[in-house]
Amino acid sequence: MNNKYYLPNPTIYYIRHLGFHYSIDAENYIMIFPILKYKGRPTLFCKLIYNILDNRLSYDIIKPNKDPLALYYNNKFGNAEDFIKKIDSIVHRRIRTMGFKKKMKHVNKKQKEKKD
């Protein structure tokens, strides 16, 4: 999961307009969209999870049977860096087009001085 994004002016109407639906089980707004297709059939999906109370967006990369894609989360073994970068670029592009903004890291003066 990744928690780098927020919505500047979150409203339930706008979230629903984007295509999210409320999940009673997860108590969050959820949207699932295909990332990759093979011969016209979706083979990989992104599950966006938006928490309106925290104004936080996270996502999971899942297979068609809704299981997490192990290669994406456990990438120590194998050579999948290019594949993961491709997935990330597709997901991040889609998130930005929906109006979500990237959270900025706050750096205080002491941290800045240590770097210099």
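S.K.: Looking at this structure, how should I read the nonpolar core?
M.R.: Side chains of a nonpolar character, in soluble globular proteins, are inclined to be buried together. Among the nonpolar cores identified, the biggest contains 27 residues, and F20, I35, L48, I61 and F100 are the most heavily contacted of them. When contributions to this core are tallied by element, the ones reaching two or more residues are helix 1 (12-18), strand 3 (28-38), strand 4 (41-51), strand 5 (56-62) and helix 3 (81-97). Beyond its immediate stretch of four places on either side in the chain, F20 contacts I15, Y29, I30, M31, L48, Y50, L57, M98 and F100.

S.K.: Would you mind going over the pairing of strand 4 with me for this structure?
M.R.: Where strand 3 lies against strand 4, nine bridges are found, and the strand directions are antiparallel. Residue pairing across strands places L36 opposite L44, the latter belonging to strand 4. Taken together, strand 3 and the strand that follows it, strand 4, pair antiparallel across an intervening segment of two residues, in which K39 is found at a positive phi of about 55°. In terms of strand pairing, strand 4 meets strand 5 through seven bridges, oriented antiparallel. By the bridge assignment, N51 is partnered in strand 5 with R56. Counted along the chain from strand 4 to the antiparallel partner strand 5, the turn is four residues long, and its residue N55 has a positive phi close to 55°.

Criteria and cut-off values
- Residues numbered from 1 in each chain as written.
- Predicted model: local features only at pLDDT ≥ 70, side-chain atom pairs only at ≥ 80, totals over all residues.
- Heavy atoms only, no water.
- Core = buried A, V, L, I, M, F, W, Y, C linked by side-chain atoms within 4.5 Å.
- Buried < 20%, exposed > 50% of the residue type's maximum accessible area, 1.4 Å probe, protein only.
- Helix = DSSP H or I, 4+ residues; strand = E, 2+ residues; numbered from the N terminus.
- Contact = heavy atoms within 4.5 Å.
- Pairing = 2+ DSSP bridges.

Limitation: the analysis is restricted to geometry and does not speak to function.
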